[in-house]
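Residues per chain are reported as follows:
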Amino acid sequence: QVQLVESGGGLVQPGGSLRLSCAASGRTFSSYAMGWFRQAPGKEREFVGCIDGSGGLTSYADSVKGRFTIYRDNAKNTVYLQMNSLKPEDTAVYYCAADSRYDNRQPREYDYWGQGTQVTVSS
């Protein structure tokens, strides 16, 4: 079992930055690939990016590539999503998720989910 808790969401102006954190319980954090997803009102949950267990591999959706960065600190059981150059269309609830395999882009493939944190990009 893995329990995930996101934090760091909030209101930010267009062009601003936020860093989301996802803290995991359990002693096997490094064995899990971690994904970030987001869901805007009335839309399906969509893939943002993911990172493998060691932190050496990352993959991103085209919509965030070059603006968002995922990294992890396995000693702290935490994965991060650094979001720069934020746009109003980035407004959504952001979720982290854990999976035994890297580079799954479908939400249904992930075994564990956090409760989500709201990110609002608005002037």
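To start, this report covers the structure provided alongside it. Since we're looking at a predicted model, the values are computed, not measured.

Moving on, we come to the pairing of strand β7 (residues 68-73). Residues Phe68, Ile70 and Arg72 of β7 are buried on one face, while the alternating residues Thr69, Tyr71 and Asp73, pointing to the opposite face, are not. Looking at chain direction, β7 and strand β8 (residues 78-83) are connected through six bridges and run antiparallel. The partner of Arg72 across the bridge, within β8, is Val79.

Enumeration over the complete set of coordinates arrives at six salt bridges. The shortest N-O distance in the salt bridge between Arg38 and Asp90 comes to 2.8 Å. Taken together, the residues span a long stretch of sequence, with Arg38 in strand β4 (residues 33-39) and Asp90 in the loop between β8 and β9 (92-99) at a distance of 52 residues. Per residue, the accessibility class of Arg38 equals that of Asp90, and both read buried. Within the structure, one salt-bridge network assembled from shared partners comprises Arg38, Glu46, Arg67 and Asp90.

With that settled, the discussion passes to the side chain of Thr78. With respect to the secondary-structure elements, Thr78 resides in strand β8. Judged by relative accessible area, which is 9%, Thr78 ranks as buried. Of the polar contacts made by the side chain of Thr78, one reaches the backbone oxygen of Lys76; its length is 2.8 Å. Dropping the residues within four chain positions of it, Thr78 is found in contact with Ser21, Cys22, Ala23, Phe29, Arg72 and Asp73.

Turning our attention to the nonpolar core. Membership of the largest hydrophobic core comes to 34 residues, with the highest contact counts inside it found for Leu4, Met34, Trp36, Leu81, Met83 and Tyr94. Only β3 (18-24), β4, β5 (46-51), β7, β8, β9 and β11 (117-121) provide two or more residues apiece to this core. Considering every element that reaches this core, the biggest residue donor is β9, with five residues. Not counting the four nearest positions on each side in its chain, Met83 is found in contact with Gly16, Ser17, Leu18, Leu20, Arg67, Phe68, Tyr94 and Val119.

Taking strand neighbours across the sheet as the criterion, the four strands line up as β1-β3-β8-β7 in an open arrangement whose pairing is antiparallel. At either end of the open sheet lies a strand with only one pairing partner, and these are β1 (4-7) and β7. On average, each strand axis in the sheet is tilted by 15 degrees relative to the strand beside it, whichever way the strands run. Relative to β3, β1 runs antiparallel, the two being bridged by four bridges. The partner of Glu6 across the bridge, within β3, is Cys22.

Reading guide: rules and limits
- Residues numbered from 1 in each chain as written.
- Predicted model: local features only at pLDDT ≥ 70, side-chain atom pairs only at ≥ 80, totals over all residues.
- Heavy atoms only, no water.
- Buried < 20%, exposed > 50% of the residue type's maximum accessible area, 1.4 Å probe, protein only.
- Helix = DSSP H or I, 4+ residues; strand = E, 2+ residues; numbered from the N terminus.
- Pairing = 2+ DSSP bridges.
- Salt bridge = Lys/Arg side-chain N within 4 Å of Asp/Glu carboxyl O.
- Polar contact = N/O pair within 3.5 Å; in protein donor to acceptor, adjacent residues only side chain to side chain.
- Contact = heavy atoms within 4.5 Å.
- Core = buried A, V, L, I, M, F, W, Y, C linked by side-chain atoms within 4.5 Å.
- Axes fitted to C-alpha atoms, helices over the stretch in contact; angles between N-to-C directions.

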